[in-house]
Amino acid sequence: MPMTQPMLGLVDILPDRERLTDGAWLLRQFAFTNVASLLAEITCIAAQAPFRHLETPGGFRMSVAMTNCGALGWVSDRRGYRYTTHDPLSGRQWPSMPAVFSAIADSAARAAGFERFKPDACLVNRYIPGARLTLHQDKDEADLGAPIVSVSLGLPAVFLFGGNARQEKQRRILLQHGDVVVWGGPARLYHHGVLPLKDGDHPEVGTQRLNLTFRRTH
Ligand code: MD3
Ligand code: FE
């Protein structure tokens, strides 16, 4: 019997793309095929710039551990929040942004309708069970026209997002291993946070959740 060529439908070539709100797109499993290289690069980054618990301007130790790669990295201390070219722990430049990081950030931004996203900073967040991120806005970046792209790896987390005003009612979504979210346009300054991480053990990532946020700071 002759074999016929299976016909490719639109669903085979378009990424799974869900609009969360005007300007925000959830790309479920978008990072899936790059997971192994992303994890290897995170290990390499953490060997040069270790994860650390930053202090908030108010004097609290953040439960999420952080590091950075790229030309600029986000830091917090008693003096405030800011982007720096050097890791305050070592005095050395942040590790450079791996090619697979820039590539996935740019292709996710394109899938969400932004063209040419060239992030100059990537904040790497590490959550262990109980760690959380209270409701906040990301507004330390000079270029608010560029989106923020987030990649989630490891244990699932409940992500909250509201609106421009802090008191706006929040929606919650579950972010899972390999999920990517693009936040831009009207959603760029929306308040958001992460509920305390639940216990669990992920086959590839272990008892933690890792999140990459790609930013254009200037
Ligand atoms: C919505 N990280 O690092 S990523 C952060 O899962 C941060 O670690 C969370 O919030 C995490 O600042 C959430 C999703 C995200 C990132 C940036 C946003 C959502 C956003 C900026 C504007 C609106
Ligand atoms: Fe944020």
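Rules of the game
- Residues numbered from 1 in each chain as written.
- Chains lettered and ligands numbered in written order.
- Predicted model: local features only at pLDDT ≥ 70, side-chain atom pairs only at ≥ 80, totals over all residues.
- Heavy atoms only, no water.
- Phe/Tyr/Trp six-rings, centres within 6.5 Å; stacked < 30°, edge-to-face > 60°.
- Helix = DSSP H or I, 4+ residues; strand = E, 2+ residues; numbered from the N terminus.
- Buried < 20%, exposed > 50% of the residue type's maximum accessible area, 1.4 Å probe, protein only.
- Lys NZ or Arg CZ within 6 Å of the ring centre and 35° of its normal.
- Near = heavy atom within 4 Å.
- Polar contact = N/O pair within 3.5 Å; in protein donor to acceptor, adjacent residues only side chain to side chain.
- Areas by Shrake-Rupley, 256 points an atom, 1.4 Å probe, with all protein chains shown as cover.
- Nonpolar A, V, L, I, M, F, W, Y, C, P; charged D, E, K, R; others polar.

Draft legend 1. Focus on the packing of aromatic side chains. Summed over the entire model, instances satisfying the criterion amount to 5 aromatic pairs. Considering the side-chain rings of Phe159 and Trp183, the 5.4 Å spacing of their centres and the 50° angle between planes classify their relative orientation as tilted. Placement of the pair is Phe159 in strand β9 (residues 157-161) and Trp183 in strand β11 (residues 180-183), with a sequence separation of 24 residues. Accessibility classification places Phe159 together with Trp183 in one group, the buried group. Linked through ring pairs, Phe159, Phe161 and Trp183 together constitute an aromatic cluster. Stacked on the ring of Trp25, the Lys or Arg Arg17 has its end atom at 4.0 Å from the ring centre. One residue, Arg209, lies across the ring of Tyr127, its end atom 5.0 Å from the ring centre.

Draft legend 2. Fine view of the site of ligand 1. The local shell around ligand 1 holds 19 residues, among which Asn125, Tyr127, Trp183, His192 and Arg209 are the closest. Within the side chain of Asn125, a nitrogen or oxygen atom sits 3.0 Å from an oxygen atom of ligand 1. Contact between ligand 1 and His136: an oxygen atom at 3.2 Å from a side-chain N or O atom of the residue. When ligand 1 sits alone it has 500 Å² of accessible area, and the protein chains cover 98% of it. Breaking the shell around ligand 1 down by element, the ones donating at least two residues are β6 (121-127), β7 (133-136), β8 (148-154), β12 (192-194) and β13 (209-215). A total of 4 residues in the shell around ligand 1 trace back to one element, the largest contributor, which is β13. Here the shell around ligand 1 is built from residues that sort into 9 nonpolar, 6 polar and 4 charged.

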